[in-house]
Amino acid sequence: MEVEAAEKGTGGRRLLRLTRVETFCAAHRLHSNFLSAEDNKRIFGKCNSPNGHGHNYKVEVTVCGEVNPVTGMVMNITELKEHLQEVIMKQLDHKNLDKDVPYFANCVRTNRGHGLGVQDTGLQSLPRKPTMGADLPAFQRREEI
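These remarks concern the structure in this document.

So, how was this worked out
Residues numbered from 1 in each chain as written. Predicted model: local features only at pLDDT ≥ 70, side-chain atom pairs only at ≥ 80, totals over all residues. Heavy atoms only, no water. Helix = DSSP H or I, 4+ residues; strand = E, 2+ residues; numbered from the N terminus. Buried < 20%, exposed > 50% of the residue type's maximum accessible area, 1.4 Å probe, protein only. Polar contact = N/O pair within 3.5 Å; in protein donor to acceptor, adjacent residues only side chain to side chain. Contact = heavy atoms within 4.5 Å. Core = buried A, V, L, I, M, F, W, Y, C linked by side-chain atoms within 4.5 Å.

**Observations concerning the environment of Tyr-57**
1) Next: Tracing the chain through its elements places Tyr-57 in strand β3 (residues 53-66).
2) Next: Among the residues examined, Tyr-57 registers a relative accessible area of 0% and is labelled buried.
3) Next: Among the polar contacts made by the side chain of Tyr-57, one reaches the side chain of His-28 at a distance of 3.4 Å.

So, in structure tokens, the structure goes:
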């Protein structure tokens with residue numbers, strides 16, 4: 001978890017960014033239903049194997065908002081952790097993204113696509129809506145870090 005100061009919000013209250021990092025393992029196959037089998041193999045190479053392949057992923061979710069003058073928090077850190085467990089870890093950790101996660105059934109599972117999927121399926125339901133919303137989760141394979 002990381003907390004960093006941001007600019008001033010309305011009424012001169014301070015804005016803070018709160019970042020939570022989670023890691024998970026998942027399998028997927030790089031494949032597009034819009035391409036022929038030959039084109040999929042040429043474009044995605046060994047990552048197009050019907051058996052798929054796995055990665056260890058790191059996802060960073062950042063919320064930004066005004067500090068609540070009563071609690072001194074942008075958002076309750078425990079609530080953020082629990083929410084991310086629900087929308088990221090339970091849905092994606094040790095799953096086959098192609099077969100176990102309905103959102104990804106008909107799209108190519110790139111790192112950007114993973115981030116969009118999490119944003120579309122769960123981040124809108126954060127327990128408290130920070131003033132400036134939540135950034136698109138940044139997905140990286142751990143070997144890229």
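**A word on the side chain of Asn-40**
1) Next: Relative to the helices and strands, Asn-40 is located in helix α1 (residues 37-44).
2) Next: Take Asn-40: its relative accessible area is 0%, and that puts it in the buried class.
3) Next: Among all residues touching Asn-40, those that are not within four sequence positions of it are His-31, Ser-32, Leu-35, Gly-45 and Asn-48.

**Re the environment of Pro-69**
1) Next: Structurally, Pro-69 is set in the loop between β3 and α2 (77-92).
2) Next: Residue classification places Pro-69 among the exposed positions, given a relative accessible area of 63%.
3) Next: For the pair Pro-69 and Arg-14, spaced 55 residues apart in sequence, the C-alpha to C-alpha distance is 9.8 Å.

**Some words on the nonpolar core**
1) Next: Phe-24, Leu-80, Leu-84, Ile-88, Leu-92 and Leu-97 are the most contacted members of the largest nonpolar core, which totals 20 residues.
2) Next: Counting only elements with at least two residues in this core, the list comes to β2 (14-28), β3 and α2.
3) Next: The biggest single contributor to this core is α2, with six residues.

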